[in-house]
Amino acid sequence: MNQEDKVDWKAFGLQTQSVRAGQKRTPENEHSDPIFVTSSYVFANARQAQARFAGEEPGNIYSRFTNPTVRTFEERLALMEGGERCIATASGMAAIMSLAMGLLKAGDHLVCSRAVFGNTVLLFKNFFTKFGVDTTFVDLTDLDAWERAIRPTTRLLFLETPSNPLTEIVDIAAVAQLARTHDCLLVVDNVFCTPALQRPLQLGADIVVHSATKYLDGQGRCVGGAIVGSEALLDKEIYPFLRTGGAAMSPFNAWVFLTGLETLAIRMEAHCRNALELARWLENHPRVERVYYPGLPSHPQYDLARRQQKGGGGIVSFVVKGGRQAAWNVIDRTRLLSITANLGDVKTTITHPATTTHGRLSPEERAEAGIDDGLLRISVGLEDIDDIVADLDRGLGK
Ligand SMILES: *Cc1c(COP(=O)(O)O)cnc(C)c1O
């Protein structure tokens, strides 16, 4: 027996959990987490093989079902989110697809906030409708709209807070209350905050989904995802689909994410610090019309953000005076910032939502969604803040 096996990791703080929880040492006594690169596992005898396949004995069979490195990642993230159980997936979208496949059937309905990740909208709008599952999209912050959209067949409420790119925030506890009243489940996409800043399960959400690709990795290396929640929901309703549907996380990626988790809390603190400083500087820049950042007192939901999140997060959006050309000029004049739509990286990235992530919307739809032609979104990285500011100052010009 290893020392770790006796530890109740629930009693420890998030930072301790993130560097230690979930590891089960092998007889080699390795200090760091090993990678189990194996597709299958051997049995002691035919009887054991029979018992494992029949589900009478726990244990590994095949890495589409379970893998020790993936399991360590799952146990660690479950603890950090305060959930009983976590299932790792091949990507963030695989997590969202799998939970919907596991929980929904033809005739069910879901309510989703409008400003969620673009592929989440497409998944619900273009694909789940083919199987008779309809989605109503509502304004994230309008609690009355959430309630009005709920039907007797509504099974899931799905939201992302803060929203992308305008950093709108919803009171998770209030939507969780709505979910309970109407007998549906609340799913929160916690990619922007991560458990280091926000723990939706403690606020009453039933399930948290992640794209591990973003801050959990934190260095822009691997694609992966996760679902966190109760054993009852995950083991009985979602895992049976996943092990059959096959969207499993690779052990190599799980190992990369494990090392990412170790530094998650300190990285998030540093992202928040840089982002706040940048947001303050942008707010005072004469060529900037408006800044969206939950850590600024000028944010319309500043008080809610302070209550619900430990920090403003790493995403800052702002509107440059002069519309699309002015925004493109900022991007094209920068030398340090990476022009990419990815986020949650140690490297600062810059995007023009109107012509990239939101480019397929009509001008009217964009206006309705508040995506101004002069809007830019920055995922603030961990470079020296003076260098990030200097690069944007050059970008904004005189
Ligand atoms: C990236 C992202 C996803 C999808 O994750 P992938 O790992 O790219 O599949 C879902 N939600 C949010 C908020 C994201 O940023």
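The rules behind the values
Each chain carries its own residue numbering, running from 1 in the written order of its sequence. Only residues with pLDDT of 70 or above have their local features reported here, since the model is predicted, and side-chain atom pairs are shown and tallied only from 80 upward, although totals for entire chains, interfaces and linings are computed over all residues. Side-chain measures were taken over the full set of non-hydrogen atoms in the model, leaving aside hydrogen atoms and water. Secondary structure elements are taken from DSSP: a helix is a run of H or I of four residues or more, a strand is a run of E of two residues or more, and numbering for both begins at the N terminus. When we talk radius of gyration, it's over C-alpha atoms, and the globule rule is simply 2.2 Å times the number of residues to the 0.38. Contact definition: two residues touch when any of their heavy atoms are within 4.5 Å. Computed by Shrake-Rupley with a 1.4 Å probe, the accessible areas treat only the displayed protein chains as cover when residues are assessed. A residue's bend is the angle separating two fitted axes: one through the seven residues that end there, the other through the seven that start there. Burial status follows relative accessibility: with a 1.4 Å probe on protein chains alone, a residue under 20% of its type maximum counts as buried, one over 50% as exposed, and anything between as partly exposed. An axis is simply a line fitted to the C-alpha atoms; with a helix, the fit covers only the stretch in contact. Between two such axes, the angle follows the N-to-C directions and lies from 0 to 180 degrees. The handedness criterion is simple: a crossing whose near helix is rotated anticlockwise from the far helix by less than a right angle is left-handed, and one whose near helix is rotated clockwise is right-handed. When residues are grouped by polarity, Ala, Val, Leu, Ile, Met, Phe, Trp, Tyr, Cys and Pro land in nonpolar, Asp, Glu, Lys and Arg in charged, and all others, Gly among them, in polar. For patch building, the residue pool is restricted to those with more than 30% relative accessible area and no salt bridge; the joining distance is 9 Å between like charges and 5 Å between nonpolar side chains (Val, Leu, Ile, Met, Phe, Trp, Tyr). Basic side-chain nitrogens of Lys or Arg form a salt bridge, by our definition, when they fall within 4 Å of a carboxyl oxygen of Asp or Glu. Counting rule applied: Lys, Arg positive; Asp, Glu negative; His and chain ends not counted. Positions of charges follow a simple convention, taking NZ of Lys, CZ of Arg, CG of Asp or CD of Glu. Two rings from Phe, Tyr or Trp (for Trp, the six-membered ring) form a pair when their centres sit within 6.5 Å of each other. Planes less than 30 degrees apart are called stacked, planes more than 60 degrees apart edge-to-face, and all others tilted. Only when the NZ of Lys or the CZ of Arg is both within 6 Å of the ring centre and within 35 degrees of the ring normal is a charge said to sit over the ring. One requirement defines pairing of two strands: DSSP has to find at least two bridges between them. Remark: nonpolar core denotes a set of buried residues (Ala, Val, Leu, Ile, Met, Phe, Trp, Tyr, Cys) joined through side-chain atoms within 4.5 Å. Here the bounds of each domain stem from an automatic or database domain assignment. Handedness is read with the strands pointing away from the viewer; a crossover is right-handed when the path from the first strand over the helix to the second is clockwise. Whether a residue is near a molecule or strand depends on its heavy atoms: if one lies within 4 Å, it is near. Between N or O atoms, a polar contact is any pair within 3.5 Å; within protein, one atom must be a potential hydrogen donor and the other a potential acceptor, and residues adjacent in sequence are included only when both atoms are from side chains.

Draft legend 1. Layout of the overall build of the chain. Looking only at helices and strands, the chain features 15 helices and twelve strands. The C-alpha radius of gyration computed for the chain amounts to 22 Å, which stays within 12% of the reference 21 Å derived for 398 residues, consistent with globular compactness. With respect to the principal axes defined by its C-alpha atoms, the chain has extents near 75 × 50 × 35 Å. Considering only residue pairs separated by 6 or more positions, the chain has 72% of its internal contacts joining residues 24 or more positions apart. When the accessible surface of the chain is summed, it comes to about 17,800 Å², and 51% of that surface belongs to carbon and sulfur atoms.

Draft legend 2. Structural view of unusual backbone geometry. Here Thr161 and Pro162 are connected by a cis peptide whose omega angle stands at 0°. Tracing the backbone shows Pro162 in the loop between strand S4 (154-160) and helix H7 (172-181). Here the bond from Asn164 into Pro165 is cis, since omega is 0°, no more than 30 degrees from zero. Tracing the chain through its elements places Pro165 in the loop between S4 and H7. The phi dihedral of Asp183 is positive, around 60°, even though this residue is not glycine. Considering the arrangement of structural elements, one finds Asp183 in the loop between H7 and strand S5 (185-189). Of note, Thr194 is a non-glycine position whose phi angle comes to about 65°, a positive value. Structurally, Thr194 is set in helix H8 (residues 194-197).

Draft legend 3. The arrangement of helix H9 (residues 231-245) in detail. Its maximal kink placed at Ile238, H9 deviates by approximately 45°, while the proline Pro240 follows within four residues. Residues of H9 that are buried include every one of Leu233, Leu234, Ile238, Tyr239 and Leu242, and no others. Gly246 occupies a position one or two residues after H9 and carries a positive phi of about 90°.

Draft legend 4. Layout of the packing of helix H3 (residues 68-81) against helix H10 (residues 251-262). With their axes 8 Å apart at the nearest point, H3 and H10 run at an angle of 35° to one another. Along this stretch, H3 crosses H10, giving a crossing that reads as left-handed. Contacts between H3 and H10 involve Thr69, Val70, Thr72, Phe73, Arg76, Leu77 and Met80 on the former and, on the latter, Pro251, Ala254, Trp255, Phe257, Leu258, Leu261 and Glu262. For the contact of H3 with H10, the per-class residue count stands at ten nonpolar, two polar and two charged.

Draft legend 5. Representation of a negative patch on the surface in the model. The grouping of Glu277, Asp384, Asp386 and Asp387 at the surface amounts to a negative patch. Relative to the helices and strands, Glu277 resides in helix H11 (residues 264-283).

Draft legend 6. Layout of the packing of aromatic side chains. Following the criterion strictly, the structure yields seven aromatic pairs and no others. With a centroid separation of 6.1 Å and an interplanar angle of 70°, the aromatic rings of Phe43 and Phe53 are classed as edge-to-face. Of this pair, Phe43 sits in the loop between helix H1 (14-20) and helix H2 (46-53) while Phe53 is found in helix H2, placing the two residues ten residues apart along the sequence. Taking the relative accessible area as the measure of exposure, Phe43 reaches 25% and is therefore partly exposed. Of the aromatic side chains, those joined through ring pairs into one cluster are Phe124, Phe128 and Phe158. When the ring centre of Phe137 is taken as reference, the NZ or CZ atom of Lys125 above it lies at 5.9 Å. The residue whose ring lies beneath Arg324 is Trp328, and the NZ or CZ to ring-centre distance is 4.0 Å.

Draft legend 7. Summary view of the sheet that holds strand S3 (residues 134-138). Strand order across the open sheet formed by seven strands is S1-S7-S6-S5-S4-S2-S3, with mixed pairing between neighbours. Every interior strand has two partners, whereas the edge strands, strand S1 (85-89) and S3, have only one. Across the sheet, the mean angle separating the axes of adjacent strands is 20° when strand polarity is ignored. Pairing of S1 with strand S7 (residues 225-229) involves five bridges; the strand directions are antiparallel.

Draft legend 8. Geometry of the nonpolar core. Phe73, Leu278, Phe318 and Leu392 are the most contacted members of the largest nonpolar core, which has 58 residues in total. Counting residues per element, this core draws most heavily on H11, which supplies eight residues. Per-domain counts for this core show at least three residues from each of domain 1 (3-262) and domain 2 (265-396). Every residue in contact with Phe73, bar those within four places of it in the chain, is listed here: Ala88, Ala212, Leu216, Gly225, Ala226, Met249, Ala254, Phe257, Leu258 and Leu261.

Draft legend 9. Quick look at the pairing of S3. Relative to S3, strand S2 (residues 109-113) runs parallel, the two sharing five bridges. The residue bridging Leu110 from the neighbouring strand is Thr135, located in S3. Running through helix H5 (residues 118-127), the crossover from S2 to the neighbouring parallel element S3 is right-handed.

Draft legend 10. Up close: the site of the ligand. Every residue near the ligand is listed here: Ser91, Gly92, Met93, Phe117, Glu160, Asp189, Val191, Ser211, Thr213, Lys214 and Gly224. In the model, an oxygen atom of the ligand is placed 2.9 Å from a nitrogen or oxygen of the Met93 main chain. Take Ser211: an N or O atom from its side chain is 2.8 Å from an oxygen atom of the ligand. Here the residues of the shell around the ligand sort into three nonpolar, five polar and three charged.

Draft legend 11. Inspection of the pattern of salt bridges at higher detail. Under the counting rule described, the total for this entry stands at eleven salt bridges. Each member of the salt-bridge network shares a partner with another, and the members are Lys24, Arg71 and Glu75.

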